[in-house]
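# Structural characterization, general
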Amino acid sequence: MMLGTVRRFGVSHALRATAPRSISARLATQLPKWQAPSTISSLSATRSLHSSFPRLSAATAQAIVEETEPSKPAIITEFSDLAGENLIHNKIIKNIIQPDRMNLKTMTEVQSLTLNEIVKGDDILAQAKTGTGKTLAFLVPTLQNILNDPSVDVSKVGRRSARTAPSEIRALIISPTRELAEQIAVEARKVAFGTGLIVQTAVGGTQKRAGLAKIQQEGCHLLIGTPGRLKDILSDPWTGVSAPKLNTLILDEADRLLDQGFAPEVEEIQSLLPDPTKVDRQTLMFSATVPREVLQMVRQTLKPNFKHVNTVREDELPTHQRVPQKVVYTRGLENSLPALLELAQNWQARRDNGEELRPFKAIAYFNSTAETKVSADAFNAVARSSEFRQSSMRNMKMLEINSRLSQAVRTRSADNFRKAREGILFSSDVTARGMDFPDVTHVVQIGVPRDRETYIHRLGRTARAGKEGEGWLFMHPGESDVYRKRLGRLPLKVDTALESANADLTRSLSNDTPVGKIVSQITEGLAQCDNATKVKSYMGQLGTATGNFNSKREAIQALNQMFISSYNMQTLPELSPRLMQQMGLNRIDGVSVGDGTRQRREGGFSRGGDRSRFSRDGDRGERGGFSRGGDRGGFSRGGERGERSGFSRGERGGFSRGGDRGGFSRGGDRGDRSSRPRRSFEDSFNDDFRF
DNA sequence: AAAAAAT
């Protein structure tokens, strides 16, 4: 049973000048007592029964070592064993294993397999599944290496007047998000407690001057940050923050940092660091996913003799076997939120019936920030209703996080969700990677994610540290092409149990069926969201849906239906001709065309320029008493709905200027196809795929 | 107009 591999590139190792003497000589030779011949089979049995955390079996580690480094003794698998070998500082080990501290015993595969290599000073690309302790894998040896460096002065512990210079940075960790940087810092401080090592952060959204002052006053050995702020601080000579003695550069979520969006900034940061030919440094890259596209970048950035530590077997996927993954085809885009509520209610109902289930703690992922907001607002409104507060759902916290919120709110949401026993975090991809929220039972992805890696990382927010969890994907049938292309090989099973996923929400539903109740709760919740937010959500989803759907026409149709029937809006957002041109929507029915002047008058519907947070300003979306007015109190679905479905048959008159079909046209002509040859391939791809 | 990330 081959669980992990260490691959070596090149022939020789460039050992750092400061590297401690012969590490292999210090390695533990004794194997842990549970390395009995039966260990491997009993280990796997234990794993499936209790879904215990997949630790590295000593026998496996031995096998790996034998294969790659025949002369070396066993790899250490217990944190406590690191003490006897003088490999890791006693204080660090205490911090890790003491019950009143981190309370960990056994190392994970990725931790065991990278420790010696990192202490040695080698460059590493480490790949391991989500939630298997990658952070600790690079923190422990990196902090140890700083302690090993004789030029590092840690004697200043506790002395108030003494200070370490802000130019003493020995290791730098780059993270793709602010929250992840902060989370890594929290863990680093736990590991470094009492050692005298100073850990600092540099992230955006915080007061630059205050953060800078802190680094200047206290000094810094390990700096953790996000690309923008790091670049800002390191490029400004006046800050005094610099890293002339940098030994270690770590890219957490390396593939993300090396992709299109981040690579230029990361390169700039590297250019601000000392020349690696003058000051030898190691570079460490960690991630659960390393797509082929970035391998070239990885090779360019690492030394030629870097090692690839991969604990994900070649024949398996970087998702956990113990995470059931389900895909739900929703009738329309408007069915997602009811289906989410139903999922939560079903789970809580089962708990009420005495089933031993953990409290429902879910993250709902959306592809646009505005959709995240509408959904969070709607669920927050639902949670305020008396019906909800009298149900078994009453303790659920509804939280929101995305990059458009102020950093203070983001941090508060993340903290509250960490603490929450049960609830739903409505999230964009800010939390998709690396974030460690304890006890997440469900990850629900609404809409097909932008790529396979995103799916895997989002899913990885559950089933962490040996716990169980489940993944759900709610998607519109119109996304079938990208679904197959991006997620085709992943083990998703179709689930049809959620009734509200399939209900026709363009018609009235009886309020006394379970589905009717769920739908009316969502409808009431959405009614309390402001119109400007709904319009932004439409526009945001337009951006992703036109890319995700098999045809643009289908995307528009689905979006319009959601906007009218579920958001309860009367007038479609207008798209400027320029935007329509850009998006290739010129020949698509159902698009509301604006002339570009009106949008400025109608504040709520603006697009260009208004990059502010979701402003509640001038509630101008509510025009002419269309929405929310009147005595809708009871949400009488009957008449209202009937009226609306009438609209769909073309009785809307001037409702949308882009043709009289209002987006509900079911006609067969796919006008957009001929204009976009790329479609034909995707369409033919779709032909042999049926639901 | 579509995550994120400096002001």
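Residues numbered from 1 in each chain as written. Chains lettered and ligands numbered in written order. Predicted model: local features only at pLDDT ≥ 70, side-chain atom pairs only at ≥ 80, totals over all residues. Heavy atoms only, no water.

Attention shifts here to unusual backbone geometry. We note that Ala465 has phi near 50 degrees; this positive angle belongs to a residue other than glycine. With respect to the secondary-structure elements, Ala465 resides in the loop between helix H18 (452-459) and strand E14 (470-475). Positive phi values are uncommon outside glycine, yet Asn568 reaches one of about 60 degrees. Checked against the element boundaries, Asn568 lands in the loop between helix H22 (552-566) and helix H23 (577-583). Classification of Asn568 by relative accessible area gives buried; the value is 14%. (Helix = DSSP H or I, 4+ residues; strand = E, 2+ residues; numbered from the N terminus. Buried < 20%, exposed > 50% of the residue type's maximum accessible area, 1.4 Å probe, protein only.)

Moving on: the UniProt feature "domain: Helicase C-terminal" (unreviewed entry) in chain A. As recorded in UniProt, the feature "domain: Helicase C-terminal" (unreviewed entry) lies at residues 339-506. The span residues 339-506 carries 38% helix and 17% strand; its end-to-end C-alpha distance comes to 16 Å. (UniProt positions renumbered as here; feature names shortened; annotations may be inferred.)

Examined against the element boundaries, Met396 turns out to sit in the loop between helix H16 (386-389) and strand E11 (397-401). Judged by relative accessible area, which is 5%, Met396 ranks as buried. Apart from residues no more than four positions distant in its own chain, Met396 is found in contact with Ala344, Gln348, Phe360, Phe388, Glu422, Gly423 and Ile424. (Contact = heavy atoms within 4.5 Å.)

Our next topic: helix H6 (residues 109-120). Counting buried residues along H6, 12 of its 12 residues qualify, which places the element largely inside the surrounding structure. One or two residues past the end of H6 sits Gly121, with phi positive at roughly 105 degrees.

The next point concerns the side chain of Thr533. Structurally, the position occupied by Thr533 is in helix H21 (residues 531-548). Those residues in contact with Thr533 that lie beyond four places of it in its chain are Lys373, Val374 and Asp377.

Buried residues dominate strand E7 (residues 282-287), accounting for six of its six residues. Here E7 shows a buried face lined by Gln282, Leu284 and Phe286 and a second buried face lined by Thr283, Met285 and Ser287. As paired elements, strand E6 (residues 248-252) and E7 share five bridges and run parallel to each other. Among the inter-strand pairings, Leu251 is bridged to a residue of E7, identified as Met285. (Pairing = 2+ DSSP bridges.)

Counting through the fold element by element, Ser271 comes out in helix H12 (residues 263-271). Residues Ser271 and Lys231, spaced 40 residues apart in sequence, show a C-alpha to C-alpha distance of 9.8 Å. Reaching out from Ser271, the side chain makes a polar contact with the backbone oxygen of Glu268 at a distance of 2.6 Å. (Polar contact = N/O pair within 3.5 Å; in protein donor to acceptor, adjacent residues only side chain to side chain.)

Using the criterion set out here, one finds six aromatic pairs in the structure. Their ring planes at 65 degrees and their centres at 5.0 Å tell us that Tyr538 and Phe563 sit as a pair that is edge-to-face. Placement of Tyr538 in helix H21 and of Phe563 in helix H22 is noted, with a sequence separation of 25 residues between them. A single burial state applies to Tyr538 and to Phe563, both of which are buried. (Phe/Tyr/Trp six-rings, centres within 6.5 Å; stacked < 30°, edge-to-face > 60°.)

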